[in-house]
Amino acid sequence: MHSVKVEKVSIGFDGVPVVRDLSIAIDPGEIACLLGPSGTGKTTLLRLIAGFEKPDTGEIWINGVKCSDPAGMLPVEERGIGMVFQDFALFPHLSVEDNILFGLRNKPAAKQRGRLTQLCDLLRIRELLDKFPHQLSGGQQQRVAVARALAPGPRVMLLDEPFSNIDVELREELAEEVRATLKEEGVTAIIVSHNQLESFAVADRIGVIYNGRLLQWDSAFNLYHRPLDRYVADFVGQGVFMPARVVSATSVETELGIISGSGPHNFAEGEAVEVLIRPDDIIHDDDSDMTAVVEHKIFRGAQFLYTLVLKSGQRVLSLVPSHHNHPVNQPIGIRMEIDHLVVFPTGAGRGV
Amino acid sequence: MRLYFLFFIALFISTAVSAEVNIYSARKEALIKPLLQRFTEASGTRVNLVTGDADALIKRLEIEGKNSPADVLLTVDAARLYRAKTRGLFQKIPSEMVSARVPARYRDEDGYWTGLSLRARVIAYATDRVNPNQLTTYEDLADPKWRGRICVRSSSNIYNQSLVAGLVAHLGIEKTGTWANGLVENFARAPRGGDRDQIKAVAAGQCDLALVNTYYIGGMLTSSIEAERNAARHIGVFWPNQQGRGAHINISGIGITAASKNTEQAKRLIEFLLSDEAQHWYAETNFEYPVVDGIRPSETLQQWGDFKADELPMNRLGEFNSEALRIMDRAGWK
Amino acid sequence: MPSSATTVTGYSAPAGFPVLKPWTVLVLFLVMIFAVPLITVISSVFVPNAEIWRHLRETVLADYITNSLLLMFGVGVITLLIGVITAWLVTMFRFPGSRQFEWALLLPMSIPAYIIAYTYTGVLDVGGPLQIWIREYFGIGYGDYWFPEIRSLGGAVCMLSLVLYPYVYLLTRAAFVEQSVCVLEVSRTLGCGPLRSFYRIGIALARPAIIVGLSLVLMETLADYGTVQYFGVATFTTGIFRTWFGLGDSVAAAQLSALMMFFVIILLYLEYHSRHRSRFHHTSTRYRNIRKLPLTGSSAWLATFVCALPVLLGFIVPLFFLMQWARQTWGIVISEDFFQLIYNSMVLASITAVVAMILSMVMAYGKRQSGSRTIRLGTRFVGMGYAIPGTVIAVGVLLPFAWVDRHIDVFFSTRFGINTGLLLSGTLVALVFAYLVRFMAVSLNTVDAALMKVKPSMDEAARSMGMKDLAILKRIHIPMIRGSLLTATLLVFVDVLKELPATLILRPFNYNTLAIRTYELANEERLAEAACPALAIVLVSIIPVVLLSRSISRSRPGSHALG
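These numbers were taken from a predicted model, which means no experiment stands behind them.

What counts, and at which threshold
- Residues numbered from 1 in each chain as written.
- Chains lettered and ligands numbered in written order.
- Predicted model: local features only at pLDDT ≥ 70, side-chain atom pairs only at ≥ 80, totals over all residues.
- Heavy atoms only, no water.
- Helix = DSSP H or I, 4+ residues; strand = E, 2+ residues; numbered from the N terminus.
- Buried < 20%, exposed > 50% of the residue type's maximum accessible area, 1.4 Å probe, protein only.
- Areas by Shrake-Rupley, 256 points an atom, 1.4 Å probe, with all protein chains shown as cover.
- Contact = heavy atoms within 4.5 Å.
- Buried area = accessible area lost by both parts, 1.4 Å probe.
- Salt bridge = Lys/Arg side-chain N within 4 Å of Asp/Glu carboxyl O.
- Polar contact = N/O pair within 3.5 Å; in protein donor to acceptor, adjacent residues only side chain to side chain.
- Nonpolar A, V, L, I, M, F, W, Y, C, P; charged D, E, K, R; others polar.
- Pairing = 2+ DSSP bridges.
- 1 Å grid on protein atoms, 1.4 Å probe; cavity = no way out; pocket = protein on both sides within 12 Å on 5 of 7 lines; lining within 4 Å.
- Points joined across faces, edges and corners; volume = space filled by probe spheres on them.
- Axes fitted to C-alpha atoms, helices over the stretch in contact; angles between N-to-C directions.
- Domains from an automatic or database assignment.
- Parallel < 35°, antiparallel > 145°, perpendicular 65-115°, else oblique.
- Left-handed = near helix turned anticlockwise from the far one by under 90°.
- Phe/Tyr/Trp six-rings, centres within 6.5 Å; stacked < 30°, edge-to-face > 60°.
- Lys NZ or Arg CZ within 6 Å of the ring centre and 35° of its normal.

Peer 1: Give a description of the overall build of chain C that names residues and reports values.
Peer 2: When helices and strands are counted, chain C shows 24 helices and two strands. Burial statistics for chain C: of 563 residues in total, 58% are counted as buried. As displayed, chain C has an accessible area near 23,400 Å², and 69% of this comes from carbon and sulfur atoms.

Peer 1: A description of the interface of chain C and chain A should follow, citing residues and the corresponding values.
Peer 2: Counting residues at the interface gives 28 residues for chain C and 28 residues for chain A. Between chain C and chain A, a total of about 2,700 Å² is buried, with carbon and sulfur atoms accounting for 60% of that surface. At the junction of chain C with chain A, the criterion picks out two salt bridges. A salt bridge links Glu185 of chain C to Arg47 of chain A; the nearest nitrogen and oxygen atoms lie 2.6 Å apart. Inspection of the region where chain C meets chain A yields two residue pairs in polar contact (both at pLDDT 80 or more). For the side of chain C that touches chain A, the elements supplying multiple residues, two or more each, are helix 9 (181-189) and helix 10 (194-223) of chain C. Per-element accounting of the side of chain C that touches chain A gives the leading share, seven residues, to helix 9 of chain C. Considered class by class, the residues forming the side of chain C that touches chain A number ten nonpolar, ten polar and eight charged.

Peer 1: Describe the pairing of strand 18 (residues 303-309) of chain A, and please don't skip the residues or the numbers.
Peer 2: Residues and elements named next belong to chain A. The buried fraction of strand 18 is high, at five of seven residues. Hairpin remark: strand 17 (residues 291-299) followed by strand 18, antiparallel, with three residues in the connecting loop; positive phi at Gly301, about 80°. For strand 18 and strand 19 (residues 315-321), the ladder comprises seven bridges, and the chain directions are antiparallel. Directly across from Val309, in strand 19, lies its bridge partner Arg315. Linking strand 18 back to strand 19 in an antiparallel pair, the connection comprises five residues, with Gly313 at a positive phi of about 95°.

Peer 1: Any chance you could break down the environment of Gly237 of chain A for me, citing the residues and the numbers?
Peer 2: All names here are of chain A. Here Gly237 lies in the loop between helix 8 (230-235) and strand 12 (240-246). When the C-alpha atoms of Gly237 and Phe163 are compared, they prove to be 19 Å apart, with 74 residues separating the residues in sequence. Among residues more than four places away in sequence, those in contact with Gly237 are Gln196, Tyr224 and Arg278.

Peer 1: If you had to explain empty space enclosed by the protein to someone new, which residues and values would you point to?
Peer 2: All names here are of chain C. The tally for this structure, following the rule as stated, stands at eight cavities of 30 Å³ or more. By volume, the largest cavity amounts to about 170 Å³. In this structure, the largest cavity is lined by 14 residues; those nearest its centre are Thr379, Arg380, Gly383, Leu444 and Asn445. Those elements that provide at least two residues to the lining of the largest cavity are helix 10, helix 13 (250-277), helix 15 (336-370), helix 16 (373-383) and helix 18 (428-453). Here the lining of the largest cavity gets four residues from one element, more than from any other, and that element is helix 18. Of the residues contributing to the lining of the largest cavity, the split by class is six nonpolar, four polar and four charged.

Peer 1: Mind laying out the interface of chain C and chain B, listing which residues take part and the relevant values?
Peer 2: Frequently, the measure chosen for interface size is the accessible area that the parts lose on association. With 59 residues of chain C at the interface, the matching set in chain B holds 63 residues. For the pairing of chain C and chain B, the buried interface totals around 5,400 Å² over both sides, and the portion due to carbon and sulfur atoms is 54%. When the buried area of chain C at its contact with chain B is split by residue, Arg242, Phe509 and Glu525 of chain C rank highest and sum to 15% of it. Joining chain C to chain B, the criterion identifies five salt bridges. A salt bridge links Arg517 of chain C to Glu29 of chain B; the shortest N-O distance between them is 3.4 Å. Applying the counting criterion to the chain C and chain B interface returns 17 residue pairs in polar contact (both at pLDDT 80 or more). For the side of chain C that touches chain B, the secondary structure elements donating two or more residues are helix 3 (50-59), helix 11 (226-231), helix 12 (236-246), helix 14 (297-333), helix 17 (390-415), helix 22 (501-506) and helix 23 (514-523) of chain C. The element contributing the most residues to the side of chain C that touches chain B is helix 17 of chain C, with nine residues.

Peer 1: How would you sum up the sheet that holds strand 5 (residues 65-69) of chain A? Please name residues and give values.
Peer 2: Each strand in a sheet pairs with its neighbour through backbone hydrogen bonds, running either in the same direction (parallel) or in the opposite one (antiparallel). Residues and elements named next belong to chain A. What the five strands build is an open sheet, ordered 2-1-4-5-6; its pairing is antiparallel. The strands lining the two open edges of the sheet, one partner per strand, are strand 2 (16-26) and strand 6 (72-73). Here helix 1 (residues 42-50) sits on the sheet in contact with strand 1 (4-13), strand 2, strand 4 (57-62) and strand 5, set at roughly 120° to strand 1.

Peer 1: Could you give an account of the domain arrangement of chain A, naming the residues involved and the relevant values?
Peer 2: All names here are of chain A. Once the domains are mapped, chain A shows domain 1 (4-232) and domain 2 (238-345). Each of domain 1 and domain 2 has a C-alpha centre, and the two are 38 Å apart. Listed by partner, the interface residues are nine residues for domain 1 and eleven residues for domain 2. Summed over both partners, the interface of domain 1 with domain 2 buries about 820 Å², with 51% contributed by carbon and sulfur atoms. It is Tyr224, His225 and Arg230 in domain 1 that bury the most area against domain 2; as a group they hold 71% of the surface buried on that side. Ionic pairing is found between Arg230 and Glu274, a salt bridge with its closest N-O pair at 2.7 Å.

Peer 1: Report on the packing of helix 2 (residues 22-43) of chain C against helix 16 of chain C, specifying residues and quantitative values.
Peer 2: All names here are of chain C. Interhelical geometry of helix 2 versus helix 16 gives an angle of 45° and a closest axis separation of 9 Å. Relative to helix 16, helix 2 is oriented oblique. The handedness of the crossing between helix 2 and helix 16 is left-handed. Residue-level inspection shows Thr24, Val27, Leu28, Val31, Phe34, Ala35, Leu38, Ile39 and Ile42 of helix 2 in contact with helix 16, the latter providing Thr374, Ile375, Gly378, Thr379, Phe381 and Val382.

Peer 1: Give a detailed account of unusual backbone geometry, specifying residues and quantitative values.
Peer 2: Residues and elements named next belong to chain A. At Asn266, a position not held by glycine, the phi torsion is positive, near 70°. Take Asn266: it is sitting in the loop between strand 14 (257-260) and strand 15 (272-277). One non-glycine residue, Asn329, lies in the positive phi region at around 75°. Here Asn329 is to be found in the loop between strand 19 and strand 20 (331-336).

Peer 1: Can you explain the packing of aromatic side chains? Please cite residues and give values.
Peer 2: In this structure the tally under the stated criterion is 32 aromatic pairs over all chains. Between the aromatic rings of Phe91 of chain A and Phe102 of chain A, the centroid separation amounts to 4.8 Å while the plane-to-plane angle is 50°, which identifies the pairing as tilted. Of this pair, Phe91 of chain A sits in the loop between strand 7 (81-84) and helix 2 (96-101) while Phe102 of chain A is found in the loop between helix 2 and helix 3 (109-123), placing the two residues eleven residues apart along the sequence. Judged by its relative accessible area of 0%, Phe91 of chain A is buried. Centroid distance Tyr231 of chain A to Phe235 of chain A: 5.9 Å. Interplanar angle 10°. Geometry classified as stacked. In this pair, Tyr231 of chain A and Phe235 of chain A both sit in helix 8, four residues apart, roughly one turn of the helix. Take Tyr231 of chain A and Phe235 of chain A: they sit in the same class, and that class is buried. The rings of Trp88, Phe93, Phe176 and Phe198 of chain C are connected pair by pair, giving a single aromatic cluster. Between the NZ or CZ atom of Arg148 of chain A and the centre of the ring of Phe91 of chain A, over which it lies, the distance is 4.6 Å.

Laid out in structure tokens, this is it:
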């Protein structure tokens, strides 16, 4: 049984479709992430699951119970969900302690205390209990918001852009912390994010959403290396699409040579296609006789991200250890090292 | 620079120089304005008017002191005239006409104020439920036979305070206190509303008797509202204490302020208000009794017949006003 | 380098030496001027007056206190119920007429309490049309049937509640409209149903606004004279008048007022306390438009009924009867000088409203700039005038003004031999000043609350771009709180239009207003004739009241309301 199952759900506002015929299923204890740029319907999908919106078509099941369909809705408060909002929405008139205990008001006092202690230890917020929300930093507010949502022991946690209001330096740390907490609690979670690194850090599985549709529902690794959709390839990670011609059922030929995949790519021989070349697919090699001219470079600490121009004028990206510091406009030697062949039909050529 | 300033000041003052008279009036504008307009037409003197509660106006006179712009104070009861006099706010009225036309008991014995019209406080009774033969005096209203049958307005009202002050003057504090206790026992309802409301309550059957001023009945009988006319037709007027001292009388009156700068105009105004024309107007328009002997009351008033009026000097009402209120406070007359 | 000491002097005064900023001085000056009438009243406490107090204590004081407290309690509870529930319904739900109710619920505000009291008495009293009809139709007499007595404490509670609940409604609705929906949704996810969420979060967050509204209501209730006097309910206000007029003791009357101010201080303290304990502005910066939940079936009609009832009883019914009476009497009441009355009322109300708005702006901004405790307390003190009956304020204004006049007069008569007489008292200046003392609280509270919502970082940002105080006020604050400034102005306008007792005492010769004309006629128990000026007050007030309603529905951040 899936923990959350969304089946063919569509919704529109004022005639504009926002979520279109979307299905997704999340296993118990799994941390899922809905990834996509802003305005693509991720938050709406989250609100549909929470029960704040009613689907125009389709059904939503939580833990084997049908919660939403166009005919009826189980009220939000009866769904057994916890939710963390983008701005945390802590109750400004209540202390941290009262915020956390808010969802526990019907439990016996001893249970309340026990749960409070447990959450304080888990999220390290004991010293904040007497404070009011306006006295907390962003990171503290977030931890309190998570604690508050977890307190009643929800079976499903919904987190709407939980890290976007946090300082960049803290994000990764908090993301891991949240992941650890969710795993510790064994709760199924759905996190909405527009930041791929964040979602890579926290999620077991990621669904890329664009224009109201679920494009791919997969692990972070596969999204990066085996994107099923040109848009996913473009949105997740960096890279370029390079023209190529199919030479066999498993390989294509490009300006840089023949690339072979592990399985069939399902294009006919001789067909003009495009392949996805990631920055880590192009290795800098001073000994290589294949060269490209450095057009632009970005220093990234351990690495440089070079934008290189091939003879044909085609641009590729390359991640190079940063002790290889080459000036702009100078040719450098490169070679290809591609484990995953990702082929798309020729479309409008897209750059980085 | 200084010249400009003086000029400015002079401008301010010049507005107060032309022939005019400034009135602080406790009588409502609608009940005095037409008469004042007649005065302006007849004398060419401009009249400026502020109306308000008598005590507030007295307070204003007091605070403004000798700078007060007011020339006369008009009130609708004697106690306030007495109060203004004792606080030194009045000067003697320099007119022989007052003593010639107004009976002594309706003006100040020292000549500081004079009455302008009379108002009698009578017992209004439900003609269908009360035989007027049962009615005798104000004192009798405290008799247990009227238990739960009397309506009267609040003791905050000056007419009630004056009525009780009159009783204090005649009977003394102790007897008046006992009387007030008995009267309050006889109330049909907690005091509320004005005199017209008491009349309506009698007409509606909530009570059988009410203490009211006669001109209210007159006003209702000639009202433009049908319901008011109907209510007034249901009640009869009984003149109390006719075998004894007579019915309780109050006055509306006037005095010239100590600060007056237009004493001559003020005197003329008073003389005008005591003229036959003005006295008739009071009687016809507001159903009050003229203070000047020999002026006939209006026809509405005549239907209630002649009556014997209490001859208690008006100043006594003022003297005992505060005592009267305390008695009513103690009796629980709200 | 020795010269370095001179180079820094341009920055700031030496530490530890308090510098009085111009704003602080200005605000303190204003506070002092406004405090004079209040202090005049309070200072009466020190005049010994034991004998009268013994009499009061033995007879009526207990009544005054109990009745005042009962009245405040009753009006408080009812206005809270009506105000908060209707505000919630029109903000959160869609039902038949919900859009119209948004503004219609404010309409009763335009009817002065004494007028609604006169009107209902005329209709419901023993001698009124309804009871006459009952008696005639059933052929019974008085006493054979039960009918609620309108002129009673309960009646006064109802009358005052009907015209005062809009204050609670207005402020609560503004607070609801500004609330981030997120917090309500969080509460849902934590297992609270919509009703519980509203109660535990919506109301809790709107509490400061609700309490401000409630304190305005309670202060108005305490200061009311017309209604309680007419209904024969002995309260502090009627007590003050009795003591003054009947016992002829203005000192004891002032002492009673001072005692009443003590009540107000407690009220203000409670309000201050509740505002102080925790902050209520939202940690959230995101606003999701409130999507009104459509109600259907019986719950929709119930909502309509709940919202319609106060409008019906507080506005339409009294308006209907006023119009009935006005129809019978307009011929004799409306003349040329009737239009002069309308003009006078509007001019007075406009001048006062604008001056009050400007002064509130100055005071609230000065308070923000200085943040000193003295100024905070001072501005609070200025707000107390709202709870003082107009008559008492009038005396508090007359005394100092006459004092100033007397000294000017003495100065000029000794120096130039000219008698200046009264320059200030007995002019419109004195009257407008008294209005300001009385109604400053309304305007100041509104402006202050709005300014508090402007984050200090805005000031800092502007300052960093080289703007001075005045420029910031003009270019940042005023545009941001324009809506609230309008609200403040309109509230004072409507209040002044209805004001009676201070006008009665302080107005110059030959100067009357609609309220005065209404009062004089109604006081003579000529209710029918009083209907015309009363109706004019209501009609003149409706325009600002509707404007008010429009301004709050637009005030929501990110809302796409009309206009």
